[in-house]
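Take a look at the letters that make up each chain.
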Amino acid sequence: MSTTRRGGRYSLDTFRHEALDEVTSTNTECLARARQGDPGNLWVTARRQTAGRGRRGRAWTSETGNLYASLLLIDPAPPEQLASLPLAVALAVHGALRSVLPQSAEKLEIKWPNDVLIGRKKSCGILLEGEGLADGRRALVAGIGINMRHRPEDGPYGVTSLQEQGCDISPEELFSHLYREMTEVLNLWDEGRAVADVTARWRSVACGIGEPIRVNLPDRSIEGRFAGIDDRGLLILDTGNAMMPIAAGDVFFL
Ligand code: BTN
């Protein structure tokens, strides 16, 4: 990744890191620290999670051998500037994986909004959770799970692991790349001010722009052509009749 520095709010020394053995969930651990008054910029990693969480209330199986990492940020940006943070986090994971995957690995891309795919198969999960704290601060946790030695069975989409892609490094080594990439990306993001730069970089590694897709929304599914993302990071679905901006949903390539 380039060393673009904007706000320069973050450097490698900004962050603390606690490496734990077993936790329920690194996201839960970060939120608990925030409630206890932690000032933020804290990474929590664990070798194993007993109650890892995925999106939409799904469980995230968390055996030893994969990376489980959460970053606690406190008031990282004004609330109206936070929408692009999931795209920025995906860029950091993408950069970390690009640093460690061998040439022989399949194509590394991001599926909207923040699934990092290798050969169109899911290699990681990202779960952002926010909470208003009693003292008026807002905690934001970016939780990242990367399939390294283990992966779940294929579900509605394909799944892969770094080991299957010819990369057999340790979670600790991968975390050092993620730590560096996240620092860079947070500076590029510039507290949400540089959303256009983040979306431009996101588009350069996007999966499937121009292809037919189905988007599952909470109440219905819509099909159309993936026209790209706008400068706020919303997915633009070309339904044939209109260009429809979508803020949240699960995307499937048809
Ligand atoms: C998804 O469903 O794709 C998101 C999965 C996010 C899993 C990670 S593992 C580290 C962090 N702790 C959790 O409990 N969840 C996230």
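Computed from a prediction, not measured in an experiment: that's the story for all the values here. Here the residue numbers are simple positions, counted from 1 along each chain's written sequence. Residue-level local features of this predicted model are given only where pLDDT is at least 70; pairs of side-chain atoms are given and counted only at 80 or more, and the full residue set underlies all totals for whole chains, interfaces and linings. Side-chain descriptors were evaluated using all non-hydrogen atoms of the structure, hydrogens and water having been removed beforehand.

Draft legend 1. Representation of the overall build of the protein within the structure. Secondary structure elements are defined from DSSP: runs of H or I of at least 4 residues count as helices, runs of E of at least 2 residues count as strands, and each element is numbered from the N terminus. For the protein, the helix and strand inventory stands at 4 helices and 13 strands. On C-alpha atoms alone, the protein measures out to a radius of gyration of 17 Å, which is about the 18 Å that the 2.2 N^0.38 rule sets for 254 residues. Counting only C-alpha atoms, the protein reaches 50 × 40 × 35 Å along its principal axes. For every residue, the accessible area obtained with a 1.4 Å probe (protein chains only) is divided by the maximum for its type, and the residue is called buried under 20%, exposed over 50%, and partly exposed between those limits. Counting every position in the protein, which comprises 254 residues, the buried fraction comes to 53%. For the protein, restricting intrachain contacts to residue pairs at least 6 apart in sequence, the fraction spanning at least 24 positions comes to 65%. Each charge class in the protein can be summarised by its mean position, and for the 30 positive and 33 negative side chains these summaries are 2 Å apart. Computation of the radius of gyration draws on C-alpha atoms, with the globule rule given as 2.2 Å multiplied by the number of residues to the power 0.38. Contacts are assigned to residue pairs that have any heavy atoms within 4.5 Å of one another. Note on charges: Lys and Arg go in the positive column, Asp and Glu in the negative column, and His and the chain ends are not counted at all. Where a charge lies is defined by one atom per residue type: Lys uses NZ, Arg uses CZ, Asp uses CG and Glu uses CD.

Draft legend 2. Spatial organisation of the sheet that holds strand 12 (residues 243-246). In spatial order, the strands read 12-11-10-9-13; together these 5 strands make up an open sheet with antiparallel pairing. Both outer strands of the open sheet, strand 12 and strand 13 (250-253), are each paired with one neighbouring strand and no more. Taken pair by pair, the neighbouring strands of this sheet meet at an average axis angle of 45 degrees, ignoring direction. For two strands to pair, DSSP has to find at least two bridges joining them. By the bridge criterion, 4 bridges tie strand 9 (residues 212-216) to strand 13 in an arrangement that is antiparallel. By the bridge assignment for strand 13, Asn216 is matched with Asp250. Interaxial angle, 0 to 180 degrees, is taken between N-to-C directions of lines fitted to C-alpha atoms, where a helix line uses only the stretch in contact.

Draft legend 3. Examining the nonpolar core more closely. Judged by nonpolar contacts, the single largest core of 60 residues is most densely connected at Trp43, Ile146, Leu162 and Leu174. Considering each element in turn, this core owes the most residues, 11 residues, to helix 2 (residues 85-100). How far each domain reaches was decided by an automatic or database domain assignment. Each of domain 1 (12-204) and domain 2 (212-253) gives at least three residues to this core. Leave out the neighbours within four places in its chain, and Trp43 touches Phe15, Arg16, His17, Glu18, Ala69, Ser70, Leu71, Ile144, Phe175, Leu178, Tyr179 and Met182. What we call a nonpolar core is a set of buried Ala, Val, Leu, Ile, Met, Phe, Trp, Tyr and Cys residues that are connected through their side-chain atoms within 4.5 Å. Among the nonpolar cores identified, the runner-up in size contains 10 residues, and Leu31, Ala34, Leu42 and Ile74 belong to it.

Draft legend 4. Quick peek at the environment of Ile146. Assignment of secondary structure puts Ile146 in strand 8 (residues 138-146). Sequence separation between Ile146 and Ala88 is 58 residues, and the spatial gap between their C-alpha atoms is 16 Å. In this structure Ile146 touches Asn66, Leu67, Val93, Leu97, Ser123, Cys124, Leu162 and Leu174, once residues within four positions along its chain are discounted.

Draft legend 5. Region of interest: the site of the ligand. Think of it this way: one heavy atom of a residue within 4 Å of a molecule or strand is enough to make that residue near it. By nearness alone, 19 residues border the ligand, and Ser25, Gln49, Arg53, Arg55 and Lys122 come closest of all. Distance and chemistry together define a polar contact, namely a pair of N or O atoms within 3.5 Å, with one atom able to donate a hydrogen and the other to accept it when in protein, and with adjacent residues in sequence counting only for side-chain atoms on both sides. Gln49 has a polar side-chain atom sitting 2.9 Å from a nitrogen atom of the ligand. For accessible areas, the Shrake-Rupley method is used with a probe of radius 1.4 Å. Any residue's cover is judged against the shown protein chains and nothing else. Look at the ligand: alone it shows 420 Å² of surface, and the protein chains cover 98% of it.

Draft legend 6. Summary view of the domain arrangement of the protein. Domain annotation of the protein identifies domain 1 (12-204) and domain 2 (212-253). For domain 1 and domain 2, the distance between their C-alpha centroids amounts to 24 Å. Accessible area, probed at 1.4 Å, shrinks when two parts are joined; the buried area is that loss added up over both. For the pair domain 1 and domain 2, the two sides together bury roughly 1,300 Å², of which 58% comes from carbon and sulfur. For salt bridges, the criterion is a side-chain nitrogen of Lys or Arg within 4 Å of an Asp or Glu carboxyl oxygen. Taken together, domain 1 and domain 2 are joined by 2 salt bridges.

Draft legend 7. Structural view of the pattern of salt bridges. Summed over all chains, the structure comprises 26 salt bridges. Put simply, Arg16 and Asp38 hold a salt bridge, and the shortest N to O gap is 2.8 Å. Here the residue Arg16 occupies a position in strand 1 (residues 16-23), and Asp38 occupies one in the loop between helix 1 (26-35) and strand 2 (42-49), the gap between them amounting to 22 residues. A residue is classified by how much of its surface remains accessible, and Arg16, at 36% relative accessible area, is partly exposed. One salt bridge connects Arg33 with Glu18, and the closest N-O pair in it is separated by 2.6 Å. In this pair, Arg33 is assigned in helix 1 and Glu18 in strand 1, connecting sequence segments 15 residues apart. Looking at Glu18, the relative accessible area reads 29%, which means it is partly exposed. A network of salt bridges, in which partner residues are shared, links Arg9, Asp190, Glu191 and Arg193.

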